[in-house]
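Now for the letters of each chain:
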Amino acid sequence: MNEYEVFRIIWWALLGVLLIGLAVMDGFDLGAAMLMPFIGKTDAERRVVINTVGPVWEGNQVWLVTGGGAIFAAWPMLYAVSFSGFYFAILLLLLSLILRPVGFNYRSKLHNTRWRNFWDGGLFVGGLVPALVYGVAFGNVLQGVPFSFDDTLRMSYGGSFLGLFNPFALLCGIISVTMLIMHGGAYVACKTEAAVRDRARLAAKLAATALVVLFAGAGLWVSRMSGYAVQKFAGTDGPSNMLLKTVARVPGGLLANYHAAPAVLLVPAIGFAGALATIFLLRTAKHAGLTFICSGLSVAAVIGTAGVSLFPFMLPSSSAPNDSLIVWDTSSSLLTLQIMLVAAVIFLPLIILYTSWVYYVLRGPVTLATIARDDHTAY
Amino acid sequence: MDVVTLSRLQFGLTALYHFLFVPLTLGLAILLVIMEIVYVTTGRTVWRDMVKFWGVLFGINFVMGVATGLTMEFQFGTNWAYYSHYVGDIFGAPLAIEGLMAFFLEATFVGLFFFGWDRLTKVQHLFVTVMVAMGSNLSALWILIANGWMQHPVGAKFDMATMSMQVTDFGAVLMNPNAQDKFVHTVAAGYCVGAMFMMSISAIYLLMGKHRAVALRSMTVAASFGLASSLAVVSLGDASGATIAQDQPMKMAAIEGMWNTEPAPAAFNLFGLPDQTNHVTRDQLQIPFALGLIATHSVDTPLPGIIPLVRQNAGRVASGSQAYGAMETLRTDPGNAAALATFTAHENDLGYGLLLETIGADVLHPTPAQIEQAAWATVPPVATVFWSFRLMVALGFYFILLFAVMFWKACARKLDRSRALLWITACSLPLPWLAAELGWTTAEVGRQPWTIDGILPTALSVSSVPALNVAISIAGFVIAYTALFVVEMFLMVRAIRKGPGQIFAPPDLVRVLPGFGTAAPSPAE
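Being a predicted model, the structure only gives us computed values, none of them experimental.

Thresholds applied
Residues numbered from 1 in each chain as written. Chains lettered and ligands numbered in written order. Predicted model: local features only at pLDDT ≥ 70, side-chain atom pairs only at ≥ 80, totals over all residues. Helix = DSSP H or I, 4+ residues; strand = E, 2+ residues; numbered from the N terminus. Rg over C-alpha atoms; globule rule 2.2 N^0.38 Å. Buried ≥ 20, exposed ≤ 12 C-beta atoms within 10 Å, placed from the backbone. Contact = placed C-beta atoms within 7 Å. Expected span 1.5 Å × (residues − 1). Nonpolar A, V, L, I, M, F, W, Y, C, P; charged D, E, K, R; others polar. Core = buried A, V, L, I, M, F, W, Y, C linked by C-beta atoms within 7 Å. pLDDT = per-residue confidence, 0-100. Axes fitted to C-alpha atoms, helices over the stretch in contact; angles between N-to-C directions. Parallel < 35°, antiparallel > 145°, perpendicular 65-115°, else oblique. Left-handed = near helix turned anticlockwise from the far one by under 90°. Pairing = 2+ DSSP bridges.

What chain A contains, in helices and strands, is 13 helices and six strands. Its C-alpha radius of gyration of 21 Å places chain A within 12% of the 21 Å reference for a compact globule of 379 residues. Here the C-alpha coordinates of chain A stretch approximately 65 × 40 × 35 Å along the principal axes. Relative to its 379 residues, chain A shows a buried fraction of 59%. For chain A, contacts bridging at least 24 residues in sequence account for 79% of all contacts bridging at least 6.

This is the structure in structure tokens:
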């Protein structure tokens, strides 16, 4: 292994870490926002749900900001192709995410039923649409999207917005939504009591069951789908230029890594096991913390499954497979990858440390009584 | 309109809008720290009430910054894809580090700032506030390192194998004098915004005869902090001017509306009407020697005018065309030694060669007229930067004056004696925002026609998306941002009217309308 190869693999893994961080951390507050109108039957109950995530969601969403920045820095062409190619999907994502900060912060500032219902709707949309868009994006990446480069590496994109919402991508979108509902439900069950908690448990149980079925369905679908295989390329330390390789379309290509290294089957297996354990543990309200960990593991493994299935591809091109983005020709320079790794090694542990402290300070359930007591200051 | 114009319009609109909230966050965060330090050291609860009150306004503003900030980061990918590919190796790193080092800090602790009052000791809560302030200021640092690199791209080199810029010296990117000057100038501008916000609203309370205890104290803090900040923003802006004169002579000449090189030390144009077509500035009112002193901090260094710089750039365009030609040859014949030698000799002018593409010329075989045209394209819109700069500077001096007067009144404990002065202070509320937006305009319009100065023309930086897509996204942003602005102003005004201690209405009956789930009255009712 050469040094550039090592750093490219490290950054491929770190990209996974950031996306998993986003799904596990921001995912539960997206899920809680989606569940809020349904498991909160009164204004006070809805405020209970909102305030379980109110003080922490902002920090969680930084996983998205940092993930975006890290893709920009470590995989510039992936950032350029996916963001400009998925133009309207990103616009939809941004416009729905804009509803969140204002929804959380402004909702309870007025004692007006219509105002609060409006923002409840806004928070629901701000939870559902991003969850759906993330999944749909993954669904399209797995199938490949139509793009190609000219010889100055200027990209042209041949797809359309509606084309993104093809059946397989929609399935992935629904998987993402159910997965985050499960995770959000598990979180709310940890942080609440009584009726809200019981409804959250029920919702999480249903979502986890749906996830097991849908994830298995996606697996079957993928086995019949064609994937891609790199045939010739400039080497794992070659320059980041997408025009130096040949790629073939092969049936069942997304399963190639599981045939080559059966050990990685562990990744999807954890996805199933985590969801099944979540269902099992949700029978009682006693193991709320453990349930949340199992559900988080499942979320992480579902995302990991997409990554492992694609490797070494980052974004295959369906219209010009040779122009696909792979780990060996999409990264930034070795120096940038090294600098960025230093930054990540210093700051990720710090982030985990102070985030843990914040959760520790905020420990304990949010209840109807706490909302009534903090009526003026709570969200 | 074409995709380049629309993409610029969208970026400009969303950046100017985002920058309505950022400076206030920067300034108020520091002011909250100052007030909370007073609370923790003296134990007087009025200071805690002040932190809570201004904290609520901070919160309303902060969420808008967060909501609009994500758009800025993602927009490079959606609308400036070729830019992202071309310079992502350098430009992406500060953005990612901003997330890791600064934004995580700010956003993680901001929740505790609001919800931690009963769960933390005084000192712990102060720590949280300090972390929020530190996070927001560090965030500005990394963004301005990225922006400074666009203005003065150091520590990087073009790499033909990947058709992109690659970092060679990250330390140079960090220590870029342009970035350092921009950072201190910009955060000081943010502190002015925060100070004026607090001072003007306090003036309104004093005029209304309400909340005297909070208003007088807030005004004293704001006036002293504002005086220091306004002095800093003007003097640091001056330092920034000297850097620009050195690294971006064309921007400096445009700011001055100075078409010809003048004998040192050059005069400063107090007034003038720049005429871009005829290459003159009419009706000039000049202060002798002042520009030479400001821009070079010396009496004998001449500053080049626009026309001589265009002459110089014409040579670079011709040289860039040769670099481009050699690159084409090397792409098909990588071993060609002659082409490699040509490329090495001319590669620093490659960006100027690319300008030919933006005017629709054949980069490999430009006519002398096209070279001339491309060279003139390196002149930014002179009147825009000329006037935005002058208005910004005038406002800066006005802030020094106003803060100084209020500081003196505060020291003499006569803050509420003069109603006229309070009115002036109240009416000055929007001015620091205006100055900040004008500053952004000077810096970024003055950078045209480049996204990366001398390296990548703006017109080549865009994504290959249809213009219609960009028009639709602009419409989407305008609608969403306008709606948000109305809501934000409504809540801000409402919170200010309620004043300290009674931000929220007393609890009353709230029911959830049927729509989602089933409606049922709260047990509390």
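Moving on from the coordinates now.
Let's shift gears to the overall build of chain B. Helix and strand counts for chain B stand at 17 helices and six strands. Compactness check: chain B gives a C-alpha radius of gyration of 26 Å against a globular reference of 24 Å for 525 residues, within 12% of the reference. Expressed along its principal axes, the backbone C-alpha trace of chain B runs to roughly 85 × 65 × 40 Å. A total of 525 residues make up chain B; the buried ones form 53% of that total. Within chain B, contacts between residues separated by at least 24 positions form 76% of all contacts whose residues are at least 6 apart in sequence.

The periodicity of an α-helix, 3.6 residues per turn, causes residues three or four positions apart to be oriented the same way. All names here are of chain A. The terminal C-alpha atoms of helix α10 (residues 266–281) lie 21 Å apart, and with 16 residues this matches the ideal 22 Å at 1.5 Å per residue to within 8%. Buried within α10 we find Val267, Pro268, Gly271, Gly274, Ala275, Ala277, Thr278, Ile279 and Leu281. Buried positions along α10 lie against α7 (167–191), α8 (194–224) and α11 (288–310).

Chain B puts 74 residues into the contact, and the matching count from chain A is 75 residues. Every element with two or more residues in the side of chain B that touches chain A is listed here: α2 (45–79), α3 (81–115), β2 (164–167) and α17 (467–498) of chain B. It is α3 of chain B that contributes the most residues to the side of chain B that touches chain A, 25 residues altogether. Classifying every residue of the side of chain B that touches chain A by side-chain character gives 44 nonpolar, 23 polar and seven charged.

Okay, α11 of chain A next. Taking 1.5 Å as the rise per residue, α11 of chain A with 23 residues should run 33 Å; its terminal C-alpha atoms sit 34 Å apart, in good agreement. Counted residue by residue, α11 of chain A has 18 buried out of 23 residues, so it is predominantly covered.

If you trace the backbone, Tyr359 of chain A turns up in helix α12 (residues 334–361). A residue is classified by how many C-beta atoms lie within 10 Å of it, and Tyr359 of chain A, with 13 of them, is partly exposed.

If you look at the biggest cluster of nonpolar residues, it comprises 298 residues, and the most contacted ones within it are Leu35 of chain A together with Leu31 of chain B. Top element by residues in this core is α3 of chain B. It accounts for 24 residues. Setting aside anything within four residues of it in sequence, one finds Leu31 of chain B in contact with Trp54, Gly194, Met198, Val221, Ala222 and Phe225 of chain B.

Averaged over every residue, the pLDDT of chain B is 88; the share at 70 or more is 95%. Every residue in residues 503–525 of chain B is under pLDDT 50, and counting partners more than four places away or in other chains gives 48 contacts.

Let us now look at the packing of α7 of chain A against α11 of chain A. All names here are of chain A. In the contact formed by α7 and α11, the axes pass within 9 Å of each other and the chain directions differ by 160°. Relative to α11, α7 is oriented roughly antiparallel. The chirality of how α7 crosses α11 is left-handed. Packed against α7, whose contacting residues are Met179, Met182, His183, Ala186, Tyr187, Ala189 and Cys190, the element α11 presents Ala288, Gly289, Thr291, Phe292, Ser295, Gly296, Val299 and Val302 at the interface.

With that settled, consider the pairing of β2 of chain B. Residue and element names in this part refer to chain B. Here β2 shows no split at all, with Ser164 and Gln166 on one side and Met165 and Val167 on the other all buried. Where strand β1 (residues 156–159) lies against β2, four bridges are found, and the strand directions are antiparallel. By the bridge assignment for β2, Asp159 is matched with Ser164. What sits between β1 and β2 in their antiparallel hairpin is a turn of four residues, with Met163 showing a positive phi close to 50°.

The share of residues in chain A with pLDDT of 70 or more is 100%, and the mean pLDDT across the chain is 92. Within chain A, the lowest mean pLDDT, 81, falls on helix α13 (residues 368–373) of chain A, and the highest, 95, falls on α7 of chain A.

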